Amino acid sequence: MPVSVQPESGCRQSCCPSDTSNTMTRSSAKKPPASRGRKPAGSSPRGTKPSGSGPGGAKPGGAKPGGAKPAAAPDGSIPEDAKSERIAKVMARAGLCSRRDAEKWIEAGRVKVNGKLIVSPALNVEPGDRVEVDGNPLPDREQARLWRYHKPSGLVVSHRDEKDRPSVFDKLPEEMPRVISIGRLDINTEGLLLLTNDGELARLLELPATGWIRRYRVRAHGEVEQEALDALKGGLNVEGVQYGPIEATLDKQQGGNAWLTISLREGKNREVKRICEHLGLKVNRLIRTSFGPFQLGELPRGQVDEVSSKVINEQIKGGARKGGARKKPGKPARKRPPLAGVKRADRRR
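Here the structure is a predicted model, which is why all the values come from computation and not from measurement.

A. Local environment of the environment of threonine 189. Relative to the helices and strands, threonine 189 resides in the loop between strand S8 (180-181) and strand S9 (190-196). Along the backbone, threonine 189 and valine 156 are 33 residues apart, and their C-alpha atoms lie at a distance of 9.4 Å. Beyond its immediate stretch of four places on either side in the chain, threonine 189 contacts Lys151, Pro152, Ser153 and Leu286.

B. A look at the packing of aromatic side chains. A full pass over the atoms with the stated rule returns two aromatic pairs. Between tryptophan 212 and phenylalanine 291, the ring centres sit 6.3 Å apart and the planes meet at 80°, which makes this aromatic pair edge-to-face. Here phenylalanine 291 lies in strand S15 (residues 282-291) and tryptophan 212 lies in the loop between helix H3 (199-206) and strand S10 (214-221), a separation of 79 residues in the sequence. Here tryptophan 212 falls in the buried class, since its relative accessible area comes to 2%. Exposure remark for phenylalanine 291: the relative accessible area of 1% places this residue in the buried category. On the basis of an interplanar angle of 65° and a centroid distance of 6.0 Å, the ring pair of tryptophan 212 and phenylalanine 294 is categorised as edge-to-face. Of this pair, tryptophan 212 sits in the loop between H3 and S10 while phenylalanine 294 sits in strand S16 (residues 294-295), and the two are 82 residues apart along the sequence.

C. Structural detail: unusual backbone geometry. With phi around 55°, aspartate 134 is a residue other than glycine that occupies positive phi space. As for its placement among the helices and strands, aspartate 134 is situated in the loop between strand S5 (131-133) and strand S6 (136-137). Aspartate 134 sits in the partly exposed class, given a relative accessible area of 41%. For arginine 270, which is not glycine, the phi dihedral falls at a positive 55°. Position of arginine 270 among the secondary structure elements: in the loop between strand S14 (257-264) and helix H5 (271-278). Relative accessible area serves as the criterion here: at 35%, arginine 270 is assigned to the partly exposed category.

Parameters at a glance
- Residues numbered from 1 in each chain as written.
- Predicted model: local features only at pLDDT ≥ 70, side-chain atom pairs only at ≥ 80, totals over all residues.
- Heavy atoms only, no water.
- Helix = DSSP H or I, 4+ residues; strand = E, 2+ residues; numbered from the N terminus.
- Contact = heavy atoms within 4.5 Å.
- Phe/Tyr/Trp six-rings, centres within 6.5 Å; stacked < 30°, edge-to-face > 60°.
- Buried < 20%, exposed > 50% of the residue type's maximum accessible area, 1.4 Å probe, protein only.

Structure follows, in structure tokens:
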């Protein structure tokens, strides 16, 4: 089934070529004599930090990697070519859970490093360290994958539920790997839920700074005017909780119910329901129709559809990983007054 993808509005990419100029020097120019106190050959030039570890040197682990991260060894140990990282980040990258859940697992006493139980996530694991979760070695990291899932009402989005209620993860196909959700939906909320095997990817797309719009179709008991919905564009404060700008449209009034389309970027806990209650409405059906560029479309209820790696690269790595759709406008460049008697072409030289 083809993936329903819609480009996120507001995403722009620009390339600004920089002008370069070459300066010519006379070959017969003499070198200046060495001055007293000159640094010996091989020393670092002014403004650069010496290599190696130490307060003024390069950070441990070398340069910041730009490619794929090394996977854990079969025994759960960190590869020798990896860098020192927080334990929760390593667990999330292995696809076990999100970084936030990893911190909870650590505090619950489920994680060991080199055979020793740890109770605080404030720990960096080094190359060669062996990590175990619930007695099992850290699994190899797989390529990041993403799925669209049409969540039905009546399922919780949790791997472990205290009330032992049915979970969306119990309804997924058996051939799927272990996945986590990108954000959550309430038990009675339907619609699009994104799933991934990569904890770092889940954390990235959950952040409000990513700027992706969550769009919902809402049926609520009561009546409301479009004028009241327009007032939400500036955000509002409900019982001490500040909500950002919200786009809301009254689609139709059907009997005692109003059908709305609500778009927001933050996705705070029960945000749509709290906003509707603030307007005197009681939500009785809530459907998420899109998350960023990914659409629910015609995906049947309870079905899952994997997003191709090409779409992931185009929509996620090309959008969210480069700062998201929403960017704060910078200050306009200061214009310099023209130089009298100098032509534009001469000033470029």
